[in-house]
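Chain by chain, the residues run as shown.
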Amino acid sequence: MYNYLLKIEYNGKNFVGWQSQKNGKSIQNTVEKALKKTIKESVKITGAGRTDKGVHAFGQHANFKYKNKIKNKIKFLKSVNFFLGNSLISILDVKLKSKDFHARFCARKRIYEYFIINRTGSLSIDKDKAWHVEKKINLKLLKIGGKIFEGRHDFSTFRASSCSAKSPIKKIDLVTIKKDKDKICIKFVSKSFLQNQVRSMVGCLKYLSTDRWDISKFKMVFKSKKRSECAPPAPAEGLYLVDVKY
């Protein structure tokens, strides 16, 4: 039995999320169906992260076990991408891994980026690919807030009620914020995140940087550990799983 790791890119707009669900089309199911047509065998893929409905990925990773060796990588990639058709999912790479490799549990770092377009005019090219914020964002406050998230903390404030993680304690290794004209990119690096954590943190950063909250209020909300104190989560369309490091 061989264990393979896929690198997957997708636009999450038309999916209920990564994980297989009964209430709609998932990315996991769509990829599994394309794999079945390619290798003539049903396989189960295990993703590195369970992205929510509408969230995109430049570098989702997932592994699957298959009885045969993939001898021609290019042929495999062309075939599986052919069967994915116009689904807005692409398999970028496939690698042979050790038998005990697990895409989720072996991950050392996960990198997410959140994109905001800060301008008055509505979105056209970036529609469904970023969060449109009309009110002027104070970049200095945005960066101050981002740095407050770094380190090991109790992130209960930013945790979805349906989150299955055993502990709300997480360590954020790095938060960086860059602006290019009217486009703002907020990058988060951590071994793992709570459900809805990134979008909830971005929602609070938006409140801080648009003068809805001052820095004292922002810190109080963080330290409260109460979900009810959190700002509304940023919309899913601005969030991207950029890469997973092993």
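Going by the structure above, here's the rest.
Since the model is a prediction, treat every value here as computed from it, not as a measurement.

Attention now moves to the pattern of salt bridges. This model, assessed by the stated rule, comprises nine salt bridges. In this structure, Asp173 and Lys109 form a salt bridge, with 2.7 Å as the shortest nitrogen-oxygen distance. Of the two residues, Asp173 sits in strand E8 (residues 169-180) while Lys109 sits in strand E5 (residues 109-118), which places them 64 residues apart along the sequence. Here Asp173 falls in the partly exposed class, since its relative accessible area comes to 26%. What emerges from the salt-bridge pattern is a single network uniting Lys109, Lys171 and Asp173.

What follows is about the state of the cysteines. In this structure the tally under the stated criterion is zero disulfides. As a non-bridged cysteine, Cys185 has Cys204 as the owner of its nearest cysteine sulfur, 19 Å distant. Cys185 sits in the buried class, given a relative accessible area of 15%.

Attention now goes to the pairing of E8. Pairing geometry for strand E7 (residues 151-154) and E8, over four bridges, is antiparallel. Paired with Arg152 across the strands is Lys171, a residue of E8. Where E8 lies against strand E9 (residues 183-190), eight bridges are found, and the strand directions are antiparallel. Residue pairing across strands places Lys179 opposite Ile184, the latter belonging to E9. In sequence, E8 turns back onto E9 through a hairpin of two residues, with Lys181 there showing a positive phi of about 60 degrees.

Parameters and conventions
Residues numbered from 1 in each chain as written. Predicted model: local features only at pLDDT ≥ 70, side-chain atom pairs only at ≥ 80, totals over all residues. Heavy atoms only, no water. Salt bridge = Lys/Arg side-chain N within 4 Å of Asp/Glu carboxyl O. Helix = DSSP H or I, 4+ residues; strand = E, 2+ residues; numbered from the N terminus. Buried < 20%, exposed > 50% of the residue type's maximum accessible area, 1.4 Å probe, protein only. Disulfide = S-S within 2.5 Å. Pairing = 2+ DSSP bridges.

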